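So the chains spell out like this:
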Amino acid sequence: MADPSSYRPRPGDIPDTPGVYRFRDEHRRVIYVGKAKSLRQRLANYFQDLANLHPRTRTMVTTAASVEWTVVSTEVEALQLEYSWIKEFDPRFNVKYRDDKSYPYLAVTMNEEFPRVQVMRGHKKKGVRYFGPYGHAWAIRDTVDLLLRVFPVRTCSAGVFKNAARTGRPCLLGYIGKCSAPCVGRISPEDHWDLADEFCDFMAGRTGTYLRRLEKQMMEAAEEMEYERAARLRDDIGALKKAMEKSAVVLADATDADLIAVAEDELEAAVQIFHVRGGRVRGQRGWVTDKVEEITTGALVEHALQQLYGEETGDAVPKEVLVPALPEPVEPVQEWLTGRRGSHVSLRIPQRGDKKALMETVQRNAQQALALHKTKRASDLTTRSRALEEIADALDLDSAPLRIECYDISHLQGDDVVASMVVFEDGLQRKGEYRRFQIKGFAGQDDVRSMHEVITRRFKRYLAEKERTGEWADGEDTDGATAPAGTTTAPVGTAPADSLAPTSTAVSPLTGTGAVTEADARPEAGAVTGTGPAPAAAAPAAPEPGVGPVDGALKDEDGRPRKFAYPPQLVVVDGGQPQVAAAQRALDELGIDDIAVCGLAKRLEEVWLPGEDDPVVLPRTSEGLYLLQRVRDEAHRFAITYQRTKRAKRFRAGPLDDVPGLGETRKQALIKHFGSVKRLRSATIEQIQEVPGIGRKTAETIAAALAQAAPAAPAVNTATGEIMEDEEPETTAGSSGAPVTTGPPDERRGQET
């Protein structure tokens, strides 16, 4: 636990201007981001007597080891930069709203030649019009089913569409009149696009035009005694009215507005949003957050506005936003919203009438959402805290293990041996820091040896990161070797005065990203780290073969998550005494003695500790045991998923996968040209060169690789037993697009572990 006075900057060094500040922990990870109209006044509040601080603020400042800031010109820029940094660094002490579900949207892909109506979740795509969010996907499908009578827009997937176009026969919806069948040319691309545009207009709330038009057509058909057509139009009108009834009129003046309500207690807060378009509730969503800092209702509203509209532009930001409390100050937030929309946005508290009554409804929804969330065991902050304390007591740890890493080994009878590493922080999954390993140190089945290899590789990378960033505690590494040249080991708080002088970083005008104009490689603006001069960076460690992040390469500077950079307080292995002993031996060999190790055996759910002959038995009702089981089960799920993927890829691999320098495009070009690998194998180098993009050197490499590869087994007529020499073997696309000969399924029936 750090003393805030050890890294407190001098008041004269902090500018009295708007800006954004961030606190970092001892591992240089950003743990809190905030903005201020006056940096000097705001930062002074954090360095007062600890007894006067809110408990969560006190925890934050004692966890931090340094503070730094960036000066901006306006409060609007500070708001945008704060949002960008929170999204980038994911600080643990900032308010982070968690969607209580992944809300589905009704999406119309207007960016395609033939727009498609479908249910979509996740990030929004450019060129797609979204309506919602909806509480349930079935609600979207019911609405679409009603509207397809009037707007027969395409709803099929790309595969179904192409198959129908190839065969010349539409799907069932095309036959029953719920699709205009653009796949077979019944409607032109231009007319189908106009039909999808009308569908979007109706969903956006412009319903009166279509109803009046259909009623007029119905009357004209009746006057002309076309009663069947009039009846069909009557049914269409009924379908539209039924779809409209699914979203009741709540505001009579066809208002476009979002209503935001907040329900909170001392520990958590729930936010509910109603999206009103054309006077009707078109969508609803909600978030829940842990209040990890002392925060007002207005500040919660401000964070909700950032998350709700931070990625939106244009009409996605409504003309009016109704809230229970205004942020302080409100002008920068309103100006930011106006900039996102491109026209004036009104941010206010409803005082009377229908809007106030609807706000009360939204408030009741928020209160119910908070009450429901409180009953969820895994998300309850009190339950998680109790679980961590029980683990600390059972394992005799000095403090609760806020970061837990769990490892598991998976294989199929000794083949495709892989391992997983999952991370839980504060009792919750940290999926962005999951890692997976391929066991390459030996072949065969040996869980104990595999566990030793994985732990060794993981913590070698951790030590390499410490060496690279100069985080050695006493100038010597864990193996007794001296620290790298240039490493400064001055204790916190001993920096010379000139090293504390901050410099401002210019921030570009508000462009929607809040990007800092200076290169990231420059020293941090306003950095007050309380340490000596920056150590000379050691050469980065070479990439570990067989190790990779789940979500792609992560940056390793400026507080962003780095591979294996942060040590856990507790390592959990899936297994019993042998696996625990292997993990502890790996740590001992690396000289790491400040990380606890335990294992959870599946059979009796016993907790094993290194060097102990008897396990620790936690009560079956223990929250600590429940958390360890969740961590272990998640590691097992992650490992076996990777093992299955790796095994399936191996089964689908073809001979062209082993040709060095041959990419996906040229593999497919070869197969398209020759028709099969068998014909390619029998082709001459000159014939291979006829394929576009294949030169002589590449052709020679392909011919040599295929000559070395074992030819596919000949096809056999199962009825007669005859070997069909002249027939091409049946092929299927491999993972790389190259065909492989299909054969009998693998006869092995081993159990995955």
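Residues numbered from 1 in each chain as written. Predicted model: local features only at pLDDT ≥ 70, side-chain atom pairs only at ≥ 80, totals over all residues. Heavy atoms only, no water.

Student: Looking at this structure, I do not really get the sheet that holds strand 1 (residues 19–24). What am I missing?
Tutor: Either a parallel or an antiparallel arrangement is found when strands of a sheet pair, and the pairing is made through backbone hydrogen bonds. Read across the open sheet, the three strands follow the order 2-1-3; overall the sheet is antiparallel. Unpaired on one side and paired on the other, strand 2 (30–36) and strand 3 (66–71) mark the two borders of the sheet. Along the sheet, successive strands turn relative to each other by an average axial angle of 20°, direction set aside. The pairing of strand 1 with strand 2 spans six bridges and is antiparallel. Looking across to strand 2, one finds that Tyr-21 is bridged to Gly-34. (Pairing = 2+ DSSP bridges. Helix = DSSP H or I, 4+ residues; strand = E, 2+ residues; numbered from the N terminus. Axes fitted to C-alpha atoms, helices over the stretch in contact; angles between N-to-C directions.)

Student: What's the story with the packing of aromatic side chains in this structure? I'm lost.
Tutor: Pairs of aromatic rings are described using the distance from one ring centre to the other and the angle between the two planes. Tallying each qualifying case throughout the model produces 14 aromatic pairs. Judged by centre distance (5.2 Å) and plane angle (65°), the rings of Phe-23 and Tyr-46 are edge-to-face. Taken as a pair, Phe-23 in strand 1 and Tyr-46 in helix 1 (residues 39–46) lie far apart in primary sequence, 23 residues in all. Among the residues examined, Phe-23 registers a relative accessible area of 0% and is labelled buried. A residue is classified by how much of its surface remains accessible, and Tyr-46, at 9% relative accessible area, is buried. An aromatic cluster of three or more residues is present, and its members are Tyr-7, Tyr-21, Phe-23, Tyr-32, Tyr-46 and Phe-47. The ring of Tyr-175 is capped by Arg-186, whose NZ or CZ atom sits 5.9 Å from the centre of that ring. (Phe/Tyr/Trp six-rings, centres within 6.5 Å; stacked < 30°, edge-to-face > 60°. Buried < 20%, exposed > 50% of the residue type's maximum accessible area, 1.4 Å probe, protein only. Lys NZ or Arg CZ within 6 Å of the ring centre and 35° of its normal.)

Student: What is the right way to read the sheet that holds strand 5 (residues 105–108) from this model?
Tutor: An order of 6-5-7 is seen for the three strands of this open sheet, with the pairing classed as antiparallel. Unpaired on one side and paired on the other, strand 6 (117–120) and strand 7 (129–131) mark the two borders of the sheet. Averaged over all pairs of adjacent strands, the angle between strand axes in this sheet comes to 35°, irrespective of strand direction. As paired elements, strand 5 and strand 7 share three bridges and run antiparallel to each other. Note on strand 7: the bridge partner recorded for Val-108 is Arg-129.

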